[in-house]
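These are the residues of each chain, in order.
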Amino acid sequence: MNEHSMRLLDFPRIQCAAADYCISDEGRRLMQSSRPVDDVMLLQQFKLEMETLCSFLGDHDLPALGFPVIDRAMQQLGIPGLTLESEDLFALGTWAKSFDILIAFLAKVNGVQGGSMDKVSQPADPALDESVAEAEDPASWARYSLQNLVNQAPKLSSIYRVIHSVFDDNGELRDLPPIRRAREAVARANKDILYLVDSYRNDPAMRSALQNEEAIQRDGRTVLAVRANFKGRVPGIVHEISATGQTIFVEPPGLVEKNNELVQKEAQLKTEIYHVLKETSEKVREDFPDMEQSRRLLARLDVRLARAAQCNREKLVYAGNCNSGFSLWKARHPFLGKKAVPIDVMLPEETRTLIVTGPNTGGKTVTLKTIGLLAMMNQFGLAIPAAEGTKFAIFDDVLADIGDEQSIDQSLSTFSGHMKVIADVAKKATSRSLVLLDELGAGTDPEEGCAIAMGLLDYFIEKGSLTIITTHHGVLKKYGYTKPGCLNASMEFDAGQLAPTYRIVMGIPGESRAIEIAAQTGLQPEIVEMSKHYLSSERTDIGELITSLGEKQRELERLEREQRRRLKEAVEDQRKADLAALKVRQKEVELRQHGVSELRQLLSESRKTLENLVKELRENGGTVEQTREVKQFLADLSEKVDNQYLQMESERTELSDESAPLQIQLGKETRADEAALREGLEVLYGPRRQRASLVRKSDATHWVIQVGSLKMKVSAQDLFFAATLPADAAREAKTTYDVELAQGTGNESPGKALFEMDLRGYRLAEALKEVERQIDAASLQGLSLFSIVHGTGEGILSKGIHEYLGMNPAVADYHFARPEEGGYGKTVVRLKA
């Protein structure tokens, strides 16, 4: 990525802001030294991984970690035989322990298992072991997946266990036996010195010679403060004389011996401490390669954690991918904070040149910088301040010329400075480059500047570069209309408030509004009036045309919004009318179906009684013809009832199909993927998209579902996944459709219920499935009483069916039939009302 463009767009500030989220010095250095990359597949994979990490960190708090700076410690550890200081060893132990905690924490992301790599059989990634190679790789920060990094993390427990066996949690040396003995010896020597000083102080002959009765330290030795006029009374070594000459600091012979003894004991203590530090340093040095690799791993893990923390804390989003151009929705410049006015810029796929015009201070340059900076952030693996739906293509370079390039040292004027930069941009641009040019053609004669600008645009169009420029030249506005692949855009200006709105209007060029802006900034009114006079006499109709186009554009947008609103209301009114008419027909069918169901139930319950009457009629002398007529009457009645029932079912199914389009406008559903179905999942069932939950899988293609308190067996092909509605749509759905859906038709039938079902010859599992289907169908069709013929046999079938009926909540009662109706070979079932 072009270094000059990164400085112009303030990208180093972006890196510093992201580095502030790092938890280690290693991560901060990598964040600030890395560069954006242009590997499409690498970036896509990295951003997918980052979205997963953001979600994980949103649900899990990062453990408390401490990564002290260990540069000096590592440098000394790499020198054989060198003993590390206590502070450096303790820092290494703290760093190593935090690293192991972090690896264990990150191993939970997507179930990654880290820290268990066999150091012999699992070689590390070569790039992680060669600092030179990774320094030359600009994509090293994104080169490895999180799983790869975690899996390659060595265990550092041996390091911090060794170090923490020597140091306590505060970094102080523990009281190890050799050190404890040496410390006790030093304490005894100090005690002996104090005892001797007390003896001098308590001696009447010495007390009058002492200036101060307290023990005094000079050059690390205990001495006595003796009055100058009594120096002959206290023999010994003179260490110092006070500035006034009144006090002489003397070390008597007795103290000399004790001080010498103390020096020896302290030297012995230092020797013991040195031995402990040396031994600890040598043990830690054995794991020096693991520490080096862990530092490189931590840097890459830390920059990921920092990106995720920044994304979550600042409520940023990761941009999507597109083949060319970009689409920005509610994008904000990162450094403007709450002052930033969100911008929308949707570049059509066939557009390769965008010419942005409009008033001074209208936001053209900020828009240019926002686009360039967000493109760089996207290719640096950072989330951006924009709304969902924002997309970027991947550019091989972002080349910019923004601001004043004047240089006194190099004898460059403003125009020459710009031309020098633009020449370099033209040399480096490719078909995959994003070119950003601010105030193109400015700084020289307008006619010649426009000619150069159009020549450059022709060149970039031929190259295929995606080019965005800002300008005030009217000729370039015309160019945007006449050149294929070019698009005009403008920064909107509120003529009523005489102020820019910072909103981008695509397809319409804008006016500079220089006179209005000058008046707003304090230019004297008489100068403004003279300027308007010159402008009105010299200007062409282009400005008026642009103003007219802008007004018409705004009026068209207003009319389009109004048209969409009216169309939505009309469609909704029509839908409600159709649904109301459908409800009337549904109610009619329900009433007729209820009557038919009652008739079928009465017919079923009365059939046996009528057959007994026929039997009595025959036994009492009734003719065969009379018996046949009664049976025929019963058969005709049963057939009529069944035909009426089938007609009701047909009409109800037809009405359900008609109601489906009216009742599924709440959102888009997708047919359920059978592989994704699982117990407890919420789904939609049937044409009416009734909400249901999956109870269990019945067979390869069927599921048992529960709708309200009702369970039924249905085909997986009739199940749908419901798409999540946006908040506004959900609220509208609640107020508009809840009552309507609650008053719709009944559940779709899983099959026709039988008055008597014969299960003889079935296996138990098959029989239970049929009984379950029968109960569901009977519940839907209002059939509360039916019978099951299972035969006697060995009793396995009847026992299994009875056990199932006893556990089914829909069954009110069941019992064997009367002997004359089948006895133990038949079970009568009554369902709950």
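What counts as what
Residues numbered from 1 in each chain as written. Predicted model: local features only at pLDDT ≥ 70, side-chain atom pairs only at ≥ 80, totals over all residues. Heavy atoms only, no water. Helix = DSSP H or I, 4+ residues; strand = E, 2+ residues; numbered from the N terminus. Buried < 20%, exposed > 50% of the residue type's maximum accessible area, 1.4 Å probe, protein only. Contact = heavy atoms within 4.5 Å. Areas by Shrake-Rupley, 256 points an atom, 1.4 Å probe, with all protein chains shown as cover. Expected span 1.5 Å × (residues − 1). Polar contact = N/O pair within 3.5 Å; in protein donor to acceptor, adjacent residues only side chain to side chain. Salt bridge = Lys/Arg side-chain N within 4 Å of Asp/Glu carboxyl O. Pairing = 2+ DSSP bridges. pLDDT = per-residue confidence, 0-100. Core = buried A, V, L, I, M, F, W, Y, C linked by side-chain atoms within 4.5 Å. Axes fitted to C-alpha atoms, helices over the stretch in contact; angles between N-to-C directions.

Engineer: Would you mind showing me how to read the overall build of the protein here?
Structural biologist: Along the protein, the regular secondary structure elements total 25 helices and 24 strands. Among the 833 residues that make up the protein, the fraction classed as buried is 43%. Put simply, 70% of the contacts in the protein that link residues at least 6 apart link residues at least 24 apart. Approximately 43900 Å² of the protein is accessible, and the part contributed by carbon and sulfur atoms is 52%.

Engineer: How do you make sense of helix α14 (residues 288-314) when you look at a structure like this?
Structural biologist: It helps to recall that an α-helix has 3.6 residues per turn; residues three or four apart then point in one direction. In a regular helix each residue adds 1.5 Å, so 27 residues correspond to 39 Å; α14 covers 38 Å between its end C-alpha atoms and thus fits that length. Backbone geometry just after α14 places Lys-315 at a positive phi near 55°.

Engineer: I tried to follow the side chain of Ser-433 on my own but got confused; where do I start?
Structural biologist: Structurally, Ser-433 is set in strand β11 (residues 433-437). Take Ser-433: its relative accessible area is 0%, and that puts it in the buried class. A distance of 2.9 Å separates a polar atom in the side chain of Ser-433 from a polar atom in the side chain of Asp-396. Dropping the residues within four chain positions of it, Ser-433 is found in contact with Phe-395, Asp-396, Asp-397, Leu-399, Lys-428, Ser-465 and Leu-466.

Engineer: Please clarify how the pattern of salt bridges should be interpreted in this entry.
Structural biologist: If the charged atoms of two oppositely charged side chains come close together, the side chains can form a pair. Inspection of the entire model under this criterion finds 20 salt bridges. Of the charged contacts in the structure, one is a salt bridge between Glu-240 and Arg-218, with a shortest N-O distance of 3.1 Å. Separated by 22 residues along the polypeptide, Glu-240 in strand β3 (residues 237-241) and Arg-218 in strand β1 (residues 210-218) bring together distant segments of the chain. Assessed through its relative accessible area of 23%, Arg-218 is described here as partly exposed. For Arg-696, the salt bridge goes to Glu-772, with nearest N and O atoms at 2.6 Å. With Arg-696 in strand β17 (residues 690-697) and Glu-772 in helix α24 (residues 764-781), this pair connects stretches of sequence that are 76 residues apart. For Glu-772, a relative accessible area of 8% puts it in the buried group. By sharing partners, the salt bridges in this structure join Asp-25, Glu-26, Arg-29, Asp-71 and Arg-295 into a single network.

Engineer: Teacher, can you tell me more about the sheet that holds strand β9 (residues 391-392) here?
Structural biologist: Note: strands within a sheet are paired through backbone hydrogen bonds, in either parallel or antiparallel orientation. Taken in spatial order, the 4 strands line up as β5-β9-β6-β7 in an open sheet, and their pairing is mixed. Both outer strands of the open sheet, β5 (320-321) and β7 (343-346), are each paired with one neighbouring strand and no more. Pairing analysis gives 2 bridges linking strand β6 (residues 326-331) to β9, with the strands arranged antiparallel. Counted as the bridge partner of Phe-326 is Phe-392 from β9.

Engineer: Any chance you could explain helix α15 (residues 364-379) here in plain terms?
Structural biologist: For α15, spanning 16 residues, the distance from its first C-alpha to its last is 23 Å, which sits close to the expected 22 Å at 1.5 Å a residue. For α15, a buried count of 13 out of 16 residues is recorded, marking the element as mostly surrounded by other parts of the structure. Of the residues one or two after α15, Gly-381 is the one with positive phi, at around 75°.

Engineer: Is there a simple way to think about the confidence of the model for the protein in this case?
Structural biologist: In low-pLDDT segments, the atomic positions of the prediction should not be examined closely. Residue-level pLDDT values for the protein average 78, and 74% of them are 70 or greater. The low-confidence segment residues 111-135 (pLDDT under 50) makes 42 contacts with residues lying over four places distant or belonging to another chain.

Engineer: Sorry, what's going on with the nonpolar core here?
Structural biologist: Residues Leu-92 and Leu-106 are the most contacted members of the largest nonpolar core, which totals 125 residues. Beyond its immediate stretch of four places on either side in the chain, Leu-92 contacts Ile-70, Ala-73, Met-74, Leu-77, Leu-84, Ile-163, Val-284 and Met-291.

Engineer: I'm lost on the sheet that holds β1 in this one. Help?
Structural biologist: Judged by pairing direction, the sheet is antiparallel, and its 4 strands sit side by side in the order β1-β2-β4-β3 without closing on themselves. Edge strands, defined here as strands with exactly one partner in the open sheet, are β1 and β3. Mean inter-strand twist for the sheet, computed between neighbouring axes without regard to direction, equals 35°. Inspection of the sheet shows β3 paired to strand β4 (residues 247-251) by 4 bridges, in the antiparallel sense. Bridge pairing in β4 places Ile-241 opposite Ile-248. Packed onto the sheet, helix α11 (residues 177-202) meets β1 and β2 (221-227) and runs at close to 160° relative to β1.

Engineer: Sorry, what's going on with unusual backbone geometry here?
Structural biologist: If a residue is not glycine, its phi is most likely negative; likewise, a peptide bond is most likely trans. Even without being glycine, Asp-219 reaches a positive phi, approximately 55°. Position of Asp-219 among the secondary structure elements: in the loop between β1 and β2. For Asp-219, a relative accessible area of 70% gives the class exposed. The phi torsion at Glu-439 lies on the positive side, around 55°, for a residue other than glycine. Following the sequence through the fold, Glu-439 ends up in the loop between β11 and α17 (446-463). Judged by its relative accessible area of 27%, Glu-439 falls in the partly exposed class.

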